[in-house]
Amino acid sequence: MLIAILELVYKINTEIIKIWNANIIPSPISVFILIIRLFETKMLIYAILSSMRRLVIGYLISVVIGSIIGFLMIHFKYIEENFSSLILGLQTLPNLAWVPFSILWFGYNESTIIFVIAIGSIFSIILAVDSGIKNVNPIYLKAAKTMGAKGYKLYSNVIIPAALPNIIAGLKEGWSFAWRGLISGEMLVSATGLGQILSKGKDASNISQVVAVMLIILSLGLVIDKFVFGRIEKSIRCRWGLM
Amino acid sequence: MFNLFLIIQNISKSFGFNSKANLVLDNVNLLIDKGEFVCLVGPSGCGKSTLLNIIAGLESASCGRIILNGSAVRDAGIDRAVVFQESALFPWLTVIDNVEFGMKMAGIKKEERKRRAMEYLKMVHLTKFKDSYIHQLSGGMRQRVALARALAIDSQVLLMDEPFSALDSQTRGILQLELQRIWMETKKTIVFVTHNIEEAVVLADRVVVMSTNPGRVKKEFKIELSRPRKPESPDVNYYVRKIMDELREEVEKVAKAEYDGDWSVEKDLFLSNVDSNIGIGL
């Protein structure tokens, strides 16, 4: 229904008023049909699967390493004093800027893309862990200490759960950076994946394909955000009474 | 009769260094018996909370030492449980998990933990809410949970830092009665900080009045009244009056420091007002 209305608007603008150029603006129906066709040929399924695989691997690497660095920063003050502004600066560096660097290190292969994904999201995860822990209400730490919590137990039972709402926000941000890294990496490096289909569409001047893939990327991002991070966030906020 | 349990010896505390250092506690000495309920009262800024934190091991004294049951205390530890002014309960845990926390840290088994936690929850009448999260409770309920949590680690001393000051007066009254009952049941040694003299008289065996700037022990009052005590009883009132007189000077000192120099406490207006001259016609 929505597509029909959009198509009508599209037809009016391209064929009757003629203010839109059909080579630049794709027809909604053709985009829709193309998405179905891409699914039928299984090309899209494979592309999504291979993209997702990279994304998950790259993201997990960045979560693990990022958390470790974050904890180290909290634990050893001099790391923080010396590197926090560097990390803040690196976080603002766009993912795309890492692609040439990564190609020189790893060549045109899978590792390059995973590296771009990981490096793109790691800094926001480090910063989230760092600030999440720093912003833990000191009263919780005091209370925990008077109840005999020390060292590793203090971390696992108090500091991490208390910092979790902030850490989750950082993980979410990291995820969105990972997505960007994935697409930029794939567009420049890969022979498979969503970014590559996007890139092929551009090469063939096929605006419908470009828009179709963009829509798919968008909806995948939305679905993951809503069903994975949205759920985790909601359950935490519910417990804390932040809703 | 003499059963010294908690010894606070020559405690001084100053914030900041060099000549500008601000002396908060000046040579405070206090001897507390086992099972005694001691209230520290004093105007704001007399360092009573700081003293409590030092006893708890959450702050360190500039000099002096705390001796509990024969050994000097250094860090925070489970021999001294603390109930804080604001709810320091963990929002990511349910009520019962909060109460179990200290036992969990001590490595006590799950069933045993649960059984004991339920006992303490029963003591504060909150068994119905054992699976609630903290934000679902009212202020009074939260402080009850905090009390249960502190009792559950079975410490030698219970330190309470203005635990009821954020509650409305009805809730506070109920909790004061409850605390009296729990104290009589458990015979804990309690050090309770408050700025509310009435609360101190209702609860304590001994009220320690502190002076301000720097904080010192000004005077101690033994409260020899039967329990449970009610805040409205005339006996309580008598002690409140006595302590109030002692404190007035201190309160004035604080006010003078905070307000403009020409400020002074109003004189007692009672007899200078003609309409209320009750001696007339006798």
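Quick notes on the rules
- Every chain's residues receive numbers from 1 upward, in the order its sequence appears when written.
- Following the order in which they are written, the chains are lettered starting with A and the ligands numbered starting with 1.
- Two thresholds apply to this predicted model, a pLDDT of at least 70 for residue-level local features and 80 or more for giving and counting side-chain atom pairs, whereas whole-chain, interface and lining totals are computed over all residues.
- Side-chain measures here rest on the full set of heavy atoms in the structure, leaving out hydrogens and waters.
- To qualify as a helix, a DSSP run of H or I must reach at least 4 residues; to qualify as a strand, a run of E must reach at least 2; elements of each kind are numbered from the N terminus.
- Atoms counted for the radius of gyration: C-alpha only. Globule rule: 2.2 Å times the number of residues to the power 0.38.
- Whether two residues are in contact is decided by their heavy atoms: any pair within 4.5 Å suffices.
- The Shrake-Rupley method, run with a 1.4 Å probe, gives the accessible areas here. Residue values count only the displayed protein chains as cover.
- Under this rule, positive means Lys or Arg and negative means Asp or Glu; His and the chain ends count for nothing.
- For this purpose, a charge sits on NZ of Lys, CZ of Arg, CG of Asp or CD of Glu.
- Definition used in this section: a nonpolar core is a set of buried Ala, Val, Leu, Ile, Met, Phe, Trp, Tyr and Cys residues joined via side-chain atoms within 4.5 Å.
- For every residue, the accessible area obtained with a 1.4 Å probe (protein chains only) is divided by the maximum for its type, and the residue is called buried under 20%, exposed over 50%, and partly exposed between those limits.
- Ring pairs shown here join Phe, Tyr and Trp side chains whose ring centres sit within 6.5 Å, with only the six-membered ring taken for Trp; geometry is labelled stacked below 30 degrees between planes, edge-to-face above 60, and tilted in between.
- By definition, being over a ring means that NZ of Lys or CZ of Arg is both within 6 Å of the ring centre and within 35 degrees of the ring normal.
- Here the expected span of a helix is defined as 1.5 Å times the quantity of residues minus one.
- The arc in question is the one traced by the directions running from the helix axis out to the C-beta atoms.

Student: Explain the overall build of chain A to me, using residue names and the numbers behind them.
Tutor: If you tally the helices and strands in chain A, you get 10 helices and 0 strands. When the helices and strands of chain A are listed from N to C terminus, the series reads α-α-α-α-α-α-α-α-α-α. Over its C-alpha atoms chain A spans a radius of gyration of 22 Å, topping by over 25% the 18 Å that the globule rule assigns to 243 residues. Oriented by its inertia axes, the alpha-carbon framework of chain A measures out at about 75 × 45 × 30 Å. Considering only contacts in chain A between residues 6 or more positions apart, those separated by 24 or more positions represent 71%. Working note: accessible area of chain A is about 13,100 Å², and carbon and sulfur atoms make up 70% of it. For chain A, the distance from the average position of its 21 positive side-chain charges to the average position of its 12 negative side-chain charges is 8 Å.

Student: Outline the nonpolar core, supporting the account with residue identities and numerical values.
Tutor: All names here are of chain A. Counting residues in hydrophobic clusters, the biggest one holds 141 residues, and the most contacted among them are Trp179 and Leu194. No other element matches helix α8 (residues 151–189), which puts 14 residues into this core. Apart from the residues lying within four places of it in its own chain, the contact partners of Trp179 are Met52, Leu55, Leu194, Ile217, Leu220 and Gly221. Counting residues in hydrophobic clusters, the runner-up holds 9 residues, among them Ile87, Ile122, Phe123 and Ile126.

Student: Give me the lowdown on the packing of aromatic side chains, citing residues and values where you can.
Tutor: Tallied over the entire structure, the rule returns 21 aromatic pairs over all chains. Ring geometry for Tyr59(A) against Trp175(A): centres 4.9 Å apart, planes inclined by 85 degrees, an arrangement best described as edge-to-face. Of this pair, Tyr59(A) sits in helix α3 (residues 43–75) while Trp175(A) is found in helix α8, placing the two residues 116 residues apart along the sequence. For the pair Tyr59(A) and Trp175(A), a shared accessibility class is recorded, and that class is buried. Taking NZ or CZ as reference, Arg149(B) lies 4.9 Å from the ring centre of Phe90(B), over its face.

Student: Describe the side chain of Glu100(B), listing the residues and the values that go with them.
Tutor: One can find Glu100(B) in helix α2 (residues 95–105). Looking at Glu100(B), the relative accessible area reads 2%, which means it is buried.

Student: Can you lay out helix α2 (residues 28–40) of chain A for me, pointing to particular residues and giving the numbers?
Tutor: Residues and elements named next belong to chain A. In this model α2 runs 18 Å from its N-terminal to its C-terminal C-alpha over 13 residues, within 8% of the 18 Å that 1.5 Å per residue would give. Looking at α2, one finds that the buried residues are Pro28, Val31, Leu34, Ile35 and Leu38. Down the axis of α2, the buried set is contained in an arc of 120 degrees. They therefore lie on one face. Residues of α2 that are buried sit in contact with α1 (2–16), α3 and α10 (207–240).

Student: Break down unusual backbone geometry for me, with residues and values.
Tutor: Residues and elements named next belong to chain B. Cis geometry marks the peptide bond from Arg227 to Pro228, where omega comes out at -5 degrees. When you line up the elements, Pro228 lands in the loop between β10 (216–222) and α7 (234–258). One non-glycine residue with positive phi stands out, namely Asn10, at about 45 degrees. Its place among the elements puts Asn10 in strand β1 (residues 4–15).

All quantities given are derived from atomic positions and should not be read as evidence of function.
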